[in-house]
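An overview of the molecular structure
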Amino acid sequence: MPKTLYDKLWEEHHITTLESSESLLYIDRQYLHEVTSPQAFEGLTKKGLTPWRLNANIATPDHNVPTERGKSFQTENILDEISKIQVVELDKNCNKFGIKQFDITSVNQGIVHVIGPELGYTLPGMTIVCGDSHTSTHGAFGCLAMGIGTSEVEHVLATQTLKVSKLKNMNVRFNGNPQSGVTSKDIVLYLIGKIGTSGGNGHAIEFSGSYIESISMEARMTICNMSIEAGAKVGLIAPDATTIEYVKNHSQLSEEEFDSACIHWSKLISDTEAVFDKEIEIDVSLIKPQVTWGTSPEMVIDFDEDIPDLNNIEAENKRNIELAKQYMGIEENQKLTDLKFDKVFIGSCTNSRIEDLREVAKAVDGKSVSDTIVEAIVVPGSGLVKEQAESEGLDIIFQKAGFIWRDPGCSMCLGMNPDQLKPYERCASTSNRNFEGRQGNLGRTHLMSPLMAALTAVNGRVVDPS
Amino acid sequence: MKIEGNELIISGVVASIDRDNIDTDQIIPTEYLKSIKKYGFEDYLFDGWRYLDDGKLGVLKGDRQQNPDFILNKVPFDKATILLTRDNFGCGSSREHAVWALRDFGIKAVIASSFGDIFYNNCFKNGVLPIRLSKDQIDNLFKAFDKGFTELTVSLDSKKISQNETELYSFEVEDNLLERIIYGLDDVDMTLKFKEKIMSFEQIRKKEKPWIFSNE
């Protein structure tokens with residue numbers, strides 16, 4: 001029977017079927033961070049257990065870390081006492097159990113979904129989990145990667161397995177060439193707008209098509225990262241020459257290991273005859289730059305399109321739209337291009353990789369952040385991204401233009417560290433969630449691509465990138 | 001959850017929130033994820049909607065400015081054990097804290113037309129029963145509550161929801177998941193019964209795909 005890529009990954013890791021529809025899957029890699037791991041370590045300790053396979057785990061603090069650290073910053077220097085406790089706890093647990101951690105002092109520290117691939121811990125064909133929904137990012141490498149809860153983090157630490165029910169298969173084919181100014185972020189936002197935030201529930205989404213084949217690993221990671229915003233905890237892309245090239249440059253594998261792995265990786269594709277439960281075809285040449293206007297990633301439109309008018313929508317959606325407009329401070333007949341922005345955030349596990357920063361630098365080189373913007377920050381996804389950007393002089397371009405250049409972390413993607421919006425501040429953000437309060441209590445988030453955010457910084461408003 | 005006659009039931013006051021796509025950031029905002037404990041989240045449930053002031057981990061309900069319009073601040077809904085909502089409840093972040101907050105508040109069942117996948121799984125690990133009904137059924141329940149009904153009974157044995165002893169709807173949930181809630185089973189203990197199987201699977205994998213284990 002023809003199989004999809006997801007079916008193949010499922011079978012390769014399938015240990016046994018349990019009494020129900022659930023199966024026990026073997027987990028190759030677990031990433032850990034400070035927020036969703038302490039209770040898991042506590043549970044492990046209470047049961048008198050130790051990690052099943054120590055080296056399957058890689059840890060780094062990212063959610064709580066301040067992004068203004070400078071040199072010689074230690075965990076002890078975190079000012080927020082409660083945040084500090086959580087980061088200290090990760091240090092303690094990693095030391096106690098012997099888990100490899102890139103701590104706050106390490107050049108390799110960064111957002112867990114940025115450092116995994118760039119340090120070569122993410123390899124095609126792996127099952128990868130993390131107590132973080134954006135684990136779907138690693139699916140860009142042809143991995144079965146998904147976010148899990150803390151009880152499951154403990155389960156994976158203790159047993160190297162996960163109890164899961166098989167998902168359905170969905171195929172999203174992106175074909176064609178994008179218009180100038182349209183990036184992978186626009187394309188995934190467009191998909192979310194079309195299928196909604198529950199469109200992928202219960203499914204693993206495989207992204208394919210000529211557009212996917214043509215883009216870099218960074219762009220692929222952006223798309224898989226946001227599959228969870230379409231409801232799919234698993235998003236994946238079959239490994240190809242682009243994947244192999246990236247892995248070759250980042251993994252620590254010996255030549256012999258790499259060569260034999262390549263033979264296996266080349267088989268990680270959906271069979272031509274494979275049947276998907278749901279199929280979607282999108283011509284990317286028709287997509288315009290996308291910007292969210294509301295409080296759910298599905299509330300997204302072309303940057304110059306009209307925001308849904310309350311008098312002109314089905315009753316079913318009226319309440320949701322009304323609440324979102326109210327929260328976002330959007331008046332009737334106002335367009336996205338009419339809104340005045342206060343802050344700009346370039347960063348997060350969606351868009352903080354070197355390619356994103358290069359794109360921003362290109363757009364702001366020789367220009368200045370608008371006087372109406374009170375703060376524009378660029379937060380590299382990892383220590384290595386930071387080093388690379390600095391070696392290319394991007395930091396200088398950002399700072400000359402009036403951006404603040406920070407240290408790696410999740411930063412303003414979520415209100416757990418000092419980078420937050422004040423109530424009612426409007427932010428152009430390259431992150432992944434525009435939920436109420438996500439970037440700070442009563443803050444207003446508009447999701448967009450790094451290019452659109454860069455242009456918003458310069459103009460103080462959303463503008464046409466072409 | 002209690003036994004009535006021979007039946008295992010969840011019954012009590014239903015609080016309803018008429019919104020789609022309630023994400024886990026609304027159920028519990030990130031500020032409270034700084035806790036390293038697994039309990040004590042009840043006062044932070046729906047924090048952004050429930051209070052008028054900005055909260056902080058460790059600042060409890062009594063010291064907060066409550067939003068009188070929010071359902072969980074109104075009698076009798078402040079003692080709700082069942083939550084009724086719309087589509088895609090618990091989407092977004094994987095934080096299990098969202099279920100911990102519902103559980104600590106006293107919510108034992110959540111009724112919605114669909115759930116975020118990760119949230120749905122997390123529920124069964126913490127004794128909270130997610131119940132899926134059709135959009136029409138959810139609509140009818142909302143209408144009934146508008147007319148003043150406030151209580152429901154959920155039978156875990158017959159997988160049925162009733163109101164004032166009138167059976168309304170049946171729902172589906174896998175038996176093994178339901179048993180985890182009924183008996184409070186621990187997944188780690190259950191899985192470790194397969195220890196030998198996992199070990200032999202791992203040995204074969206090491207041999208066939210050594211690169212997976214290359215950092216060891």
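Within each chain, residue numbers correspond to sequence positions counted from 1 in written order. Lettering of chains starts at A and numbering of ligands starts at 1, both following the order in which they are written. Two thresholds apply to this predicted model, a pLDDT of at least 70 for residue-level local features and 80 or more for giving and counting side-chain atom pairs, whereas whole-chain, interface and lining totals are computed over all residues.

Section: the overall build of chain A
Under the DSSP-based scheme used, a helix requires at least four consecutive residues in state H or I and a strand at least two consecutive residues in state E, with every element numbered from the N terminus. Regarding its fold elements, chain A presents 15 helices and 19 strands. When we talk radius of gyration, it's over C-alpha atoms, and the globule rule is simply 2.2 Å times the number of residues to the 0.38. Against the globule reference of 23 Å for 466 residues, chain A gives a C-alpha radius of gyration of 21 Å, in line with a compact fold. Overall, the C-alpha framework of chain A stretches about 55 × 55 × 45 Å when taken along its three principal axes. Counting other C-beta atoms within 10 Å of a residue's own tells you its class, since 20 or more makes it buried, 12 or fewer makes it exposed, and anything in between is partly exposed; those C-beta atoms are placed from the backbone. Here chain A holds 466 residues, and 61% of them are scored as buried. If you take every contact in chain A between residues at least 6 apart in sequence, the share linking residues at least 24 apart comes to 77%. Whether two residues are in contact depends on their C-beta atoms, placed from the backbone: they are in contact if these lie within 7 Å.

Thoughts on unusual backbone geometry
Residues Val75 of chain B and Pro76 of chain B are joined by a peptide bond in cis, for which omega reads 5°. Positive phi, close to 60°, is recorded for Gln160 of chain A, a residue that is not glycine. Relative to the elements of secondary structure, Gln160 of chain A occurs in the loop between helix 5 (150-159) and strand 8 (161-165). By the C-beta count within 10 Å, which is 25 here, Gln160 of chain A ends up buried. Backbone geometry places Asn164 of chain B, a non-glycine residue, at a positive phi of 50°. Mapped onto the secondary structure, Asn164 of chain B falls in the loop between strand 7 (160-163) and strand 8 (166-170). For Asn164 of chain B, a count of 9 C-beta atoms within 10 Å puts it in the exposed group.

With respect to the nonpolar core
A general tendency of soluble globular proteins is for nonpolar side chains to be buried together. The term nonpolar core refers to a set of buried Ala, Val, Leu, Ile, Met, Phe, Trp, Tyr and Cys residues connected through C-beta atoms within 7 Å. Val344 and Ala457 of chain A together with Ile82, Ala101, Leu102 and Val110 of chain B are the most contacted members of the largest nonpolar core, which has 192 residues in total. A per-element tally of this core places helix 6 (residues 184-195) of chain A first, with seven residues. Leave out the neighbours within four places in its chain, and Ala457 of chain A touches Val344, Val364, Val369, Ser370, Ile373, Ala376, Phe403 and Ala428 of chain A.

What to know about the sheet that holds strand 11 (residues 234-236) of chain A
Sheets are built from strands paired through backbone hydrogen bonds, the pairs being either parallel or antiparallel. Residues and elements named next belong to chain A. For two strands to pair, DSSP has to find at least two bridges joining them. Taking strand neighbours across the sheet as the criterion, the four strands line up as 11-10-9-12 in an open arrangement whose pairing is parallel. Edge positions in the sheet fall to strand 11 and strand 12 (278-283), since each of these pairs with one other strand and no more. Taken over all neighbouring pairs, the strand axes of this sheet differ in orientation by 20° on average, direction set aside. For helices, the fitted axis covers only the stretch in contact; all axes are lines through C-alpha atoms, and the angles between them, taken along N-to-C directions, range from 0 to 180 degrees.

Some points on the pairing of strand 10 (residues 203-208) of chain A
The side chains of a regular strand alternate between both faces of the sheet. Residues and elements named next belong to chain A. Here strand 10 lies mainly inside the structure; five of its six residues are buried. For strand 9 (residues 168-175) and strand 10, the ladder comprises six bridges, and the chain directions are parallel. Each bridged residue has a counterpart across the sheet, and for Met170 the counterpart in strand 10 is Ile205. With the strands pointing away from the viewer, any crossover whose connection runs clockwise from the first strand over the helix to the second is right-handed. Read from strand 9 through helix 6 to strand 10, the crossover connection turns out right-handed. The pairing of strand 10 with strand 11 spans three bridges and is classified as parallel. If you follow Ala204 over to strand 11, its bridge partner there is Val234.

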